[in-house]
Amino acid sequence: MLILDALLAKIASYNPQADLGMVGRAYEYSARVHEGQKRVSGEPYLTHPLAVADIIADMRLDVASVVTGLLHDTVEDTLATLDDIRENFGEEVAGLVDGVTKISRLESQSRAAAEAETLRKMFLASARDIRVLLVKLADRAHNVRTLHYLDESRRTRIAKETIELYAPLAHRMGVNWLKSEFEETGFATLWPDQCAEIREKLSLHRLEREGYIKEISGVLVKRLQEAGLQAEVQGRTKGAYSIFRKMTQQGLQHDEVYDVVAFRVLVDSDRECYDALGIVHGNWRPVPGRFRDYIALPKANRYQSLHSTVIGPYGERMEIQIRTHGMHRIADFGVAAHWKYKTEESEAESERFAWLKQILEWQQHFDDPQEFLTSLKDDLFAEEVVVFTPTGEKVLVRNGETVVDFAYRIHSEVGAHCAGARVNGKLVPLRYQPQQGDTVEVVTTEDARPAREWLKFVRTPRARARILASIRQEERDNAIALGSELLERDLARWDLDLAGLRSEGRMEGLSKEFNRKDEASFLEAIGYGRVTTRQVLAFLLPDENFEEGKGRRRFPRLFRLLDRGPKPMVMGENIDEALVRFGKCCQPLYGENIVGFITRGRGVTVHLSKCPRLVDTDPERLVAVHWRKGSKAMRLIRLEVTSRDRPALLANMGQAIASGGANIEAAHISTEDAKATNIFDVSLDSAAELARVVSNLRRIPGVKAVKRVFS
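Residues numbered from 1 in each chain as written. Predicted model: local features only at pLDDT ≥ 70, side-chain atom pairs only at ≥ 80, totals over all residues. Heavy atoms only, no water.

A. Representation of the nonpolar core within the structure. Ranked by internal contacts, the top residues of the largest apolar core, which has 54 residues, are Leu7, Val23, Val67, Leu71, Phe89, Val93 and Phe182. At the level of elements, α1 (2–14), α2 (20–33), α3 (47–58), α4 (63–71), α6 (82–100), α8 (131–145), α9 (152–173) and α10 (176–190) are the ones that each hand at least two residues to this core. In this view, phenylalanine 182 contacts Leu137, Arg140, Ala141, Val144, Thr162, Tyr166, Ala167 and Ala170; residues no more than four positions away in its chain are not counted. Leu202, Val261, Trp284 and Ile320 belong to the second-largest nonpolar core, a separate cluster that totals 35 residues. (Core = buried A, V, L, I, M, F, W, Y, C linked by side-chain atoms within 4.5 Å. Buried < 20%, exposed > 50% of the residue type's maximum accessible area, 1.4 Å probe, protein only. Helix = DSSP H or I, 4+ residues; strand = E, 2+ residues; numbered from the N terminus. Contact = heavy atoms within 4.5 Å.)

Structure follows, in structure tokens:
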């Protein structure tokens with residue numbers, strides 16, 4: 001009971017009106033249902049929920065959150081049910097416990113899939129009550145503190161997950177003391193040698209660094225007091241993981257990282273923050289480009305502070321943060337420092353959790369929970385930049401997002417009709433990535449539509465999902481229109497039409513016969529070439545001979561003319577009625593492996609099976625095709641030859657191409673530092689001819705590489 005008494009005293013210290021009796025009942029309930037259970041350390045299992053509740057109290061959260069900490073594993077690991085929790089502790093606590101309870105793993109599910117689905121469930125619960133995430137962070141904190149009891153495999157897995165997901169999540173929640181703990185523990189577990197080396201080097205100069213901190217802090221206090229500012233100055237050594245990350249990102253050695261010490265100035269008001277900044281810059285020269293004003297433009301987690309790097313008294317770089325005491329409390333405790341319970345959400349609260357609402361909106365676009373988890377990690381790790389709309393409204397975007405992503409952030413319709421963008425008044429390409437402080441204006445037009453090309457550069461799941469949906473709908477509409485046109489044309493040869501089939505109720509039967517859910521899907525299948533009009537006619541007119549039938553007799557001249565035309569170069573199942581074209585992006589040659597792609601309702605486009613354009617395509621729209629024997633045709637192929645620059649090299653390459661049976665249509669040569677890059681557009685008619693040309697080029701002395709270039 002001594003530990004429980006300490007917990008109750010901690011709660012009472014910040015919440016004198018707390019219902020401590022409820023906390024005591026939760027402790028007794030948890031002890032009863034977990035009785036006999038042990039942790040890997042050999043301790044009674046109750047030590048874990050008690051420790052989690054204590055961490056929640058460190059965050060100064062309400063009684064319901066502390067009680068949830070005591071009960072958070074009861075439904076998952078004991079015979080207790082949510083109904084039991086609801087009956088004994090009320091709906092509020094039951095909802096929180098449910099939010100942090102893992103989803104039961106099915107036999108068919110992998111561990112990764114089950115964990116990803118649990119995280120998705122937790123985020124959905126957090127939309128209703130953000131305390132779910134805070135309890136989960138506390139749960140992870142105690143698990144991290146006891147990692148050393150686990151075997152190496154589990155220890156590594158949990159540390160990796162902590163540093164990849166929970167540390168950035170704690171950062172987004174603004175609970176920076178937990179973020180630092182997650183990073184330092186994860187670093188020591190995953191990279192023990194590097195961690196030990198950095199900590200050893202830090203300890204070597206500890207006394208010298210402490211003297212430096214004391215000296216600079218005294219100078220800062222004196223300068224601020226001389227200006228009439230009463231301030232608290234704190235100095236600290238950066239964590240080992242922070243130093244390691246800087247070394248890794250910038251390719252530095254430990255002795256090349258100069259700003260391992262940071263100073264924090266705490267004052268009473270916003271105005272005093274800017275006054276203090278002026279005093280700091282007046283005494284030490286600021287480093288250009290290293291000033292950030294997070295007071296005027298807070299981070300998404302409502303973090304506020306002035307950040308500046310200056311050249312210190314000994315020529316070293318010093319990082320200085322300036323904030324009010326209230327800002328400092330929020331910087332350490334984040335959401336927990338100012339969470340208001342049972343009140344309506346204010347505009348500030350709404351903005352504070354905008355990132356969470358965005359994640360929840362994006363998760364709707366993922367059927368696979370592991371895809372959601374991957375996207376979540378990317379989003380949590382991404383740095384944010386502040387940009388503005390033309391009306392001055394602030395928008396937080398991820399670093400690396402494009403103006404198309406920005407347009408979809410504003411509204412789906414803005415993204416769907418995006419035709420261009422102006423940044424700071426100047427037209428920019430759609431792949432432009434807004435920078436800190438940019439004013440971004442999206443130019444829309446009524447007839448603008450999303451292009452497949454956008455999928456190559458957009459970064460957000462929302463934009464990608466909306467673009468794909470729009471493209472697929474447009475292609476479906478085109479396919480339905482083409483299918484209707486093709487069917488009407490061939491029905492007319494047999495004195496039939498769509499209107500008549502509809503009036504007789506036969507279209508419904510056709511849809512069922514070809515396994516389509518409705519008439520639109522049936523016509524779409526015809527437009528895409530998955531169902532041919534010949535198959536439809538065979539079903540409607542089973543006794544007719546379509547090779548010598550009524551339709552052919554009605555149009556003898558037309559069919560004679562058609563028979564004189566060139567035979568198709570490629571063949572494939574169910575594409576005899578479709579228009580076949582060849583992709584200009586890859587220019588497939590006779591003899592190469594090819595695949596058909598059903599495009600925009602216009603038939604089949606033939607691509608090389610390794611064509612880069614097929615990477616982002618819908619696999620369901622790929623059809624098997626093969627070359628008709630002997631169907632060669634001249635195509636323009638681009639070759640890039642990298643070589644050593646030397647006299648007569650161009651003549652040698654021209655001769656090699658000509659002897660391979662090809663003709664050079666265009667050439668571009670560039671040289672730099674004795675290296676030549678040669679681009680040739682050559683006319684070829686088969687894969688065999690291309691192989692001869694490439695082989696001839698590779699045999700030339702000085703040629704280092706020959707590759708085919710796709711547009």
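B. Region of interest: the pattern of salt bridges. All chains considered together, the criterion is met by 31 salt bridges. Residue arginine 131 is joined to glutamate 92 by a salt bridge in which the shortest nitrogen-to-oxygen separation is 2.8 Å. Taken together, the residues span a long stretch of sequence, with arginine 131 in helix α8 and glutamate 92 in helix α6 at a distance of 39 residues. Beyond isolated ion pairs, a larger network of salt bridges with shared partners links Lys10, Asp54 and Asp58. (Salt bridge = Lys/Arg side-chain N within 4 Å of Asp/Glu carboxyl O.)

C. Region of the structure containing the environment of aspartate 405. On the secondary structure map, aspartate 405 appears in helix α20 (residues 403–410). Along the chain, aspartate 405 and alanine 463 lie 58 residues apart, while their C-alpha atoms are 5.7 Å from each other. Look past the residues within four positions of aspartate 405 in its chain and what remains in contact with it is Phe457, Val458, Arg459, Thr460 and Ala463. At a separation of 3.0 Å, a polar atom in the side chain of aspartate 405 contacts the main-chain amide nitrogen of arginine 459. There is a polar contact of 2.8 Å between the side chain of aspartate 405 and the side chain of threonine 460. (Polar contact = N/O pair within 3.5 Å; in protein donor to acceptor, adjacent residues only side chain to side chain.)

D. Region of the structure containing the pairing of strand β5 (residues 306–311). Counting buried residues along β5, five of its six residues qualify, which places the element largely inside the surrounding structure. In the sheet, strand β3 (residues 285–286) pairs with β5 via two bridges, with the strands oriented antiparallel. The partner of arginine 285 across the bridge, within β5, is isoleucine 311. In terms of strand pairing, β5 meets strand β6 (residues 317–324) through six bridges, oriented antiparallel. By the bridge assignment, histidine 307 is partnered in β6 with glutamine 321. Count of turn residues in the β5/β6 antiparallel hairpin: five residues, of which glycine 315 carries a positive phi of about 80°. (Pairing = 2+ DSSP bridges.)

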